[in-house]
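# Analysis of the macromolecular model
Single-letter residue listing:
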Amino acid sequence: MPGCSVRRGVHAPAFLGSMLTAVLLASAPIGAQAPATPEPTLVPGPGMELTMQRCVICHEAQHITRSRLTRAEWLENTELMIKRGAPVAAGEVAPIVEYLFTYYGRNDDGSPRPRPAGAAAAAAPVAPAAGGARDVQALLATYGCTGCHAVDAKLVGPSFREVARRFGSEAGGDDRVARRIREGGAGDWGSIPMPPHPAINDAELRSLVAWVFAQR
Amino acid sequence: MDQTPPRASAPLERLHASRREFLTRVAQASAVLGGSAIAGSAVAQAPADAGAGIPNAAVLAGKDSVLAIHSERPLTASVPAEHHNFLVTPTRRMFVRNNLNTPELDASKHVLTVRGLVDRELTLTLDDLRKMNVWEQQAMLECAGAGRTAFRPTPRGTPWSETGGMGCPKWTGVSLAEILRMAGVRNGAVHVAFLGMDRGPLPTIPPVVRSIPMAKAMERHTMIATGMNGETLTPVHGAPMRSLVPGWVGSASIKWVTAIEVLPAPFKGTYMDDSYRIPGIPVAPGEKMPADALSTEDWPVKSMITFPGPNARYRRGQVVPIEGRAWVGESSIRRVDLSFDEGVTWQRASLDRRGDRYAWRRFSLDYFPEKSGYQTVLARATDDRGNAQPFLPAWNPLGYYWNGVHRVGFTVEA
């Protein structure tokens, strides 16, 4: 029978009350809702980052990866998710549906659609500027950071300035923020989870974190 | 009993407003109504970060490790037939189907508001319910999409296995009819809506509201449950109180219920109009939902083989003790037949006909295999209306009501 996923949950000892559990998890490096193993991610391709950001706030990428739907079904499903609160702007529906149908599509006869060649390859990294430094504005756009974060205002997530003030001078703060960008998760700023960004490379991460920490 | 006088109040539909309207309305409702109306009760208990809820790790600490987790956000989990060989489903094995997060509610502060087309608006606490006629029944609860992965093509939605997404524990509570009679249902009442206290990670996410027809609401087995298997409800199963609409698709039963509204028409909202619907006239597999779609209600006749589990091995001459469960939404089980030749011939199983109105029934048969090797057993239940389980139920776009004949393989060694 397809779809029976393996168990991924962590088992806290039964004697732990939820209060104690919350305290223990809150002190863990990754937030209270981080699963024991990283959540599955989407196949890299055009529209993948946008799809992750809009969909994976509320549910795991697994809800997508387990499905094979027609274009009409993906459109209907995306519209349903908007009714159920997904923060998708009008102009974002088409690229999200295009991505979903391209990589998680089925034909009208029920057979899965083949994925485009090279689908497993990572998205093209942002080219380093002269001297090896990354163009941070390009990174912010490529990974869709500004869809949820602004320099000095809380949007869906905390402002870059808040992040810089909280973690910028903490020992290991850069690693912590870098992990949160790459792996996603929640707990530092509330329950709204940050979607993972698995396609980002180390150099890009370093550039982004350094820029974020400079916003204090 | 804390009875408050009737007052003008916003209908549940307003909970499906846009994000800004939602936030504004919640703030206004809280200020104007002092935290006692539907939206206000959410405000009264919800911290600023309302979406967090109880971590899954804490929820799963109360569950058996045989539960398969289908999703952690939102949490969905269940066990297949071979882990269901209990007369009463233990709480540790009861399936979980959250729409949003598991809220952490203070039972001593929780209130249930009864409003809408009633003579007297009620505000009931857990203690108020305990002073009413509390009774216990064993009753099925089964997700509308239970068995969805057996459909081809497989519709989107929680990937319940063929026998996942259901259970039959004992429930303690008060008949909804007693509560509605206390409030006094007015003429023109058609549906009764329930609002749950669960919330999602974003304030744009509408809360879970579904409604049921008045006749089912007044049927005495429909209850506001406060206990499960003789104990206080656990948080993930709806503590401190939930509605239980036995025999009907699980989504009719709303966990963490905080408001009941008597309405002049079915509730309009995404959990009524976009989900839990089937075509009025069957469509071909893969087709989209037609305009004539109907709301899902009672479950058709269904059964599963709980013993042996898949691929058990027996020696020649050994008895194979077949056991299973059969149930139906709004009828009763007349008979269960088993086949050991893929449906060519059938043998009648013995059936325990006694039991609570909406509880499953145990069936059994001692089978003495005449041949060696791999073989199968099929179970097919028939209800008192003469409806029997099909091999392949009608495909529908959202994958509801799977009730195909269940089949288990075993091997007899020579």
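Residues numbered from 1 in each chain as written. Chains lettered and ligands numbered in written order. Predicted model: local features only at pLDDT ≥ 70, side-chain atom pairs only at ≥ 80, totals over all residues.

What follows deals with the overall build of chain B. Broken down by element type, chain B carries seven helices and 26 strands. Across the 414 residues in chain B, those meeting the buried criterion constitute 52%. Taking all contacts inside chain B whose residues are at least 6 apart in sequence as the whole, residues at least 24 apart take part in 70%. (Helix = DSSP H or I, 4+ residues; strand = E, 2+ residues; numbered from the N terminus. Buried ≥ 20, exposed ≤ 12 C-beta atoms within 10 Å, placed from the backbone. Contact = placed C-beta atoms within 7 Å.)

All names here are of chain B. All of the buried residues in helix α5 (residues 176–183) are L176, I179, L180 and A183. One face of α5 carries all of its buried residues, which in axial projection span an arc of 95°. Buried residues in α5 make contact with β4 (112–116), β5 (122–124), β9 (170–175), α6 (214–218), β12 (223–228) and β14 (242–244). (Arc of directions from axis to C-beta.)

How big an interface is tends to be expressed through the accessible area that disappears when the partners come together. Residue and element names in this part refer to chain B. Splitting chain B by domain gives domain 1 (12–275) and domain 2 (302–413). The interface is formed by 27 residues belonging to domain 1 together with 27 residues belonging to domain 2. In terms of residue class, the side of domain 1 that touches domain 2 is made up of twelve nonpolar, twelve polar and three charged. (Domains from an automatic or database assignment. Nonpolar A, V, L, I, M, F, W, Y, C, P; charged D, E, K, R; others polar.)

On to the domain arrangement of chain A, then. Residues and elements named next belong to chain A. Here the domain parsing of chain A yields domain 1 (34–121) and domain 2 (130–213). Placing the centre of domain 1 and that of domain 2 at their C-alpha centroids yields a distance of 23 Å. Across the boundary between the two partners, domain 1 contributes twelve residues, which contact 16 residues of domain 2. Looking at the side of domain 1 that touches domain 2 residue by residue, the class counts come to eight nonpolar, two polar and two charged.

Right, let's talk about the pairing of strand β24 (residues 361–367) of chain B for a bit. All names here are of chain B. Buried residues dominate β24, accounting for five of its seven residues. Two elements, strand β20 (residues 320–327) and β24, share seven bridges in a ladder whose sense is antiparallel. The residue of β24 that forms the bridge with I322 is L365. (Pairing = 2+ DSSP bridges.)

All names here are of chain B. As summarised here, the arrangement of the three strands in space is β1-β2-β3, forming an open sheet in which the pairing is antiparallel. The strands lining the two open edges of the sheet, one partner per strand, are β1 (68–72) and β3 (96–97). The pairing of β1 with strand β2 (residues 75–78) spans four bridges and is antiparallel. From the neighbouring strand, E72 faces β2, where its bridge partner is L75.

Attention shifts here to the nonpolar core. B:M140, B:I224 and B:A379 are the most contacted members of the largest nonpolar core, which has 124 residues in total. No other element matches helix α5 (residues 93–104) of chain A, which puts six residues into this core. Non-local contacts of B:I224, meaning those with residues more than four positions away in its chain, are made with B:L112, B:L129, B:G173, B:V174, B:L176, B:I179, B:M241, B:S243 and B:V257. By size, the runner-up hydrophobic cluster in this structure holds 14 residues, among which are A:Y143, A:C145, A:V163 and A:F167. (Core = buried A, V, L, I, M, F, W, Y, C linked by C-beta atoms within 7 Å.)

Attention shifts here to the sheet that holds β24(B). Residue and element names in this part refer to chain B. Strand order in the open sheet formed by four strands is β18-β20-β24-β23, and the pairing between neighbours is antiparallel. The open sheet is flanked by β18 (302–307) and β23 (350–351), the only strands paired with a single partner. As paired elements, β23 and β24 share two bridges and run antiparallel to each other. From the neighbouring strand, L351 faces β24, where its bridge partner is F363.

Once that is clear, we can look at helix α9 (residues 202–213) of chain A. Residues and elements named next belong to chain A. Taking 1.5 Å per residue as the helical rise, α9 with its twelve residues ought to reach 16 Å, and the 16 Å between its terminal C-alpha atoms agrees with that figure. If you check which residues of α9 are buried, you get E204, L205, S207, L208, V209 and V212. As for α9, its buried residues are in contact with α6 (136–142), α7 (160–167) and α8 (173–183). (Expected span 1.5 Å × (residues − 1).)

Residues B:L75 and B:A77 of β2(B) are buried on one face, and the alternating residues B:T76 and B:S78, pointing to the opposite face, are buried as well. Between β1(B) and β2(B), which pair antiparallel in sequence order, lie two residues.

Relative to the helices and strands, B:F86 is located in the loop between β2 and β3. Counting along the chain gives 16 residues from B:F86 to B:T102, while the straight-line C-alpha distance between them is 26 Å.

Here we take up the packing of α8(A) against α9(A). Residues and elements named next belong to chain A. Across the interface, α8 lies against α9 with an axial gap of 10 Å and an inter-helix angle of 120°. Accordingly, the angle class assigned to the pair α8 and α9 is oblique. In this structure, the crossing between α8 and α9 has a hand that is right-handed. Residue-level inspection shows D174, V177, A178, I181 and R182 of α8 in contact with α9, the latter providing L205, L208, V209, V212 and F213. Of the residues assigned to the contact of α8 with α9, the class counts are eight nonpolar, no polar and two charged. (Axes fitted to C-alpha atoms, helices over the stretch in contact; angles between N-to-C directions. Parallel < 35°, antiparallel > 145°, perpendicular 65-115°, else oblique. Left-handed = near helix turned anticlockwise from the far one by under 90°.)

Turning our eyes to something else, we now look at the environment of B:V257. All names here are of chain B. As for its placement among the helices and strands, V257 is situated in strand β15 (residues 257–263). Under the C-beta neighbour-count criterion, V257 is labelled buried, with 23 such atoms within 10 Å. V257 has contacts with L112, F194, L195, G196, I224, M241, R242 and S243, leaving out every residue within four places of it along the chain.

Quick look at the confidence of the model for chain A now. Residues and elements named next belong to chain A. Of all residues in chain A, 75% have pLDDT values of 70 or greater, and the mean over the chain is 76. At the low end of the mean pLDDT range in chain A sits helix α1 (residues 18–26), at 35; at the high end sits α5, at 97. In this model, residues 1–36 is a region of pLDDT below 50 whose contacts with residues beyond four sequence positions or in other chains number 69 contacts. Contacts for the low-pLDDT stretch residues 119–124, under 50 throughout, to residues beyond four places or in other chains number ten contacts. (pLDDT = per-residue confidence, 0-100.)

On to the packing of helix α4 (residues 71–83) of chain A against α5(A), then. All names here are of chain A. The interhelical angle for the contact between α4 and α5, taken along N-to-C directions, is 135°, at an axis separation of 9 Å. As summarised for this structure, α4 and α5 are arranged oblique, according to the angle between their axes. Where α4 crosses over α5, the handedness of that crossing is right-handed. On the side of α4, the interface is formed by R71, W74, L75 and T78, while α5 contributes V93, I96, V97, L100 and F101.

Time to look at unusual backbone geometry. Residues and elements named next belong to chain B. A cis geometry characterises the amide bond from R73 onward to P74, with omega recorded as -5°. Within the secondary structure layout, P74 lies in the loop between β1 and β2. A cis geometry characterises the amide bond from F307 onward to P308, with omega recorded as 0°. Positive phi, normally seen in glycine, also occurs at N311, with a value near 65°. Mapped onto the fold, N311 is located in the loop between β18 and β19 (312–315). On the basis of neighbour counts, which here come to 11 C-beta atoms within 10 Å, the residue N311 falls in the exposed class. Its identity is not glycine, yet E342 carries a phi of approximately 60°, on the positive side. Note on placement: E342 falls in the loop between β21 (333–339) and β22 (347–348).

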